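Observations on chain architecture
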Amino acid sequence: MGAVDSATPAVVDALAWVHVRDGRVLQVRPKGKDVFYFPGGKREPGENDAEALIREVAEEVSVQLDPATLQLFTVVDAAAHGYPEGTRVRLTCYTAECTGDLAPRSEIAELAWFTQADADRCAPAGVRVLAELAQRGLVTR
Ligand SMILES: Nc1nc2c([nH]c(=O)n2[C@H]2C[C@H](O)[C@@H](COP(=O)(O)OP(=O)(O)OP(=O)(O)O)O2)c(=O)[nH]1
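Rules behind the numbers
- Residues numbered from 1 in each chain as written.
- Predicted model: local features only at pLDDT ≥ 70, side-chain atom pairs only at ≥ 80, totals over all residues.
- Helix = DSSP H or I, 4+ residues; strand = E, 2+ residues; numbered from the N terminus.
- Expected span 1.5 Å × (residues − 1).
- Contact = placed C-beta atoms within 7 Å.
- UniProt positions renumbered as here; feature names shortened; annotations may be inferred.
- pLDDT = per-residue confidence, 0-100.
- Pairing = 2+ DSSP bridges.
- Near = placed C-beta within 6 Å.
- Nonpolar A, V, L, I, M, F, W, Y, C, P; charged D, E, K, R; others polar.
- Axes fitted to C-alpha atoms, helices over the stretch in contact; angles between N-to-C directions.
- Buried ≥ 20, exposed ≤ 12 C-beta atoms within 10 Å, placed from the backbone.

With 12 residues, helix H2 (residues 124-135) should cover 16 Å at 1.5 Å per step; its first-to-last C-alpha distance of 17 Å lies within 8% of that length. Elements that come into contact with the buried residues of H2 comprise strand E2 (20-21), strand E3 (24-30), strand E6 (71-79), strand E7 (88-95) and strand E9 (108-114). Glycine 137, located one to two residues past H2, shows a positive phi value of around 75°.

The following block contains the structure:
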């Protein structure tokens with residue numbers, strides 16, 4: 001049996017923002033990656049869901065989420081993209097109203113608006129969230 005890399009968690013604990021407009025959902029492509037993610041990221045120690053999500057969304061797409069409007073959309077468990085095989089991501093997804101203008105920041109190369117037809121360009125967790133959005137009639141199939 002090989003050595004276990006203690007720096008690699010078995011489950012990546014991440015938050016995501018589900019932002020739908022005209023039947024499409026906002027996606028981000030991090031610099032250096034060839035797939036799109038739901039905007040968001042990993043929780044820092046001690047942060048609650050709202051704190052982690054608001055910080056990550058501001059860092060990535062420049063808008064401020066209104067904490068009073070956060071609503072849990074879904075929690076998905078999927079293979080974590082960019083991690084060793086076997087690593088899972090637990091992606092806790094919220095909808096929320098925002099203020100400010102959407103723009104890619106720091107680690108983000110580009111923004112995109114996806115329907116379910118674009119699922120092949122998402123990481124595995126995103127494919128699951130897109131399917132739920134389509135099933136609920138929120139994004140175009
Ligand atoms: N935000 C987000 N993360 C996802 C998705 N799918 C997926 O596997 N993940 C995983 C891979 C990401 O590396 C991780 C959380 O993103 P992150 O931006 O905080 O972490 P990172 O490893 O890219 O960067 P770092 O902060 O450790 O430098 O969750 C998704 O759709 N959205």
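Read on, since the account is not over.
What follows concerns the UniProt feature "domain: Nudix hydrolase" (unreviewed entry) in the protein chain. Within the UniProt annotation, "domain: Nudix hydrolase" (unreviewed entry) is assigned to residues 9-135. A helix fraction of 20% and a strand fraction of 37% characterise residues 9-135, whose end C-alpha atoms lie 31 Å from each other.

For the rest of this paragraph, the subject is the confidence of the model for the protein chain. Low pLDDT marks regions whose predicted coordinates should not be analysed in detail. Of all residues in the protein chain, 96% have pLDDT values of 70 or greater, and the mean over the chain is 95. In the predicted assembly, ipTM is 0.91 and pTM is 0.93.

Next up on the list: the sheet that holds E9. Spatially, the three strands line up as an open sheet ordered E2-E3-E9, and their pairing is antiparallel. With partners counted over all chains shown, the strands left at the sheet margins are E2 and E9, one partner each. Relative to E9, E3 is paired through six bridges, and the arrangement is antiparallel. Bridging across to E9, glutamine 27 finds its partner in alanine 112.

Around the ligand, 16 residues are found, and the nearest of them are Tyr37, Gly40, Gly41, Lys42 and His81. Elements represented by at least two residues in the shell around the ligand include exactly strand E1 (11-17), strand E4 (40-42), E7 and H2. A per-class count over the shell around the ligand returns 10 nonpolar, five polar and one charged.

Strands sit in the order E4-E1-E7-E6 across an open sheet of four strands; the sheet is mixed. On the outer flanks of this sheet lie E4 and E6, each paired with one strand and no other. For this sheet, the mean inter-axis angle between neighbouring strands, taken without regard to orientation, is 20°. Sheet topology places E1 next to E4; three bridges connect them, and they run antiparallel. From the neighbouring strand, alanine 14 faces E4, where its bridge partner is lysine 42. Sheet strands touched by helix H1 (residues 49-61): E1, E4 and E7. Its angle to E1, the strand with the most contacts, is close to 70°. Relative to the sheet, H2 contacts E6 and E7, its axis offset from that of E6 by approximately 140°.

Attention now goes to the environment of phenylalanine 38. Here phenylalanine 38 shows up in the loop between E3 and E4. Assessed through the 25 C-beta atoms surrounding it within 10 Å, phenylalanine 38 is described here as buried. A C-alpha to C-alpha distance of 8.8 Å links phenylalanine 38 and cysteine 93, two positions 55 residues apart in sequence. When neighbours within four sequence positions are excluded, phenylalanine 38 is seen to be in contact with Ala16, Trp17, Val18, Gln27, Cys93, Gly126 and Val129.

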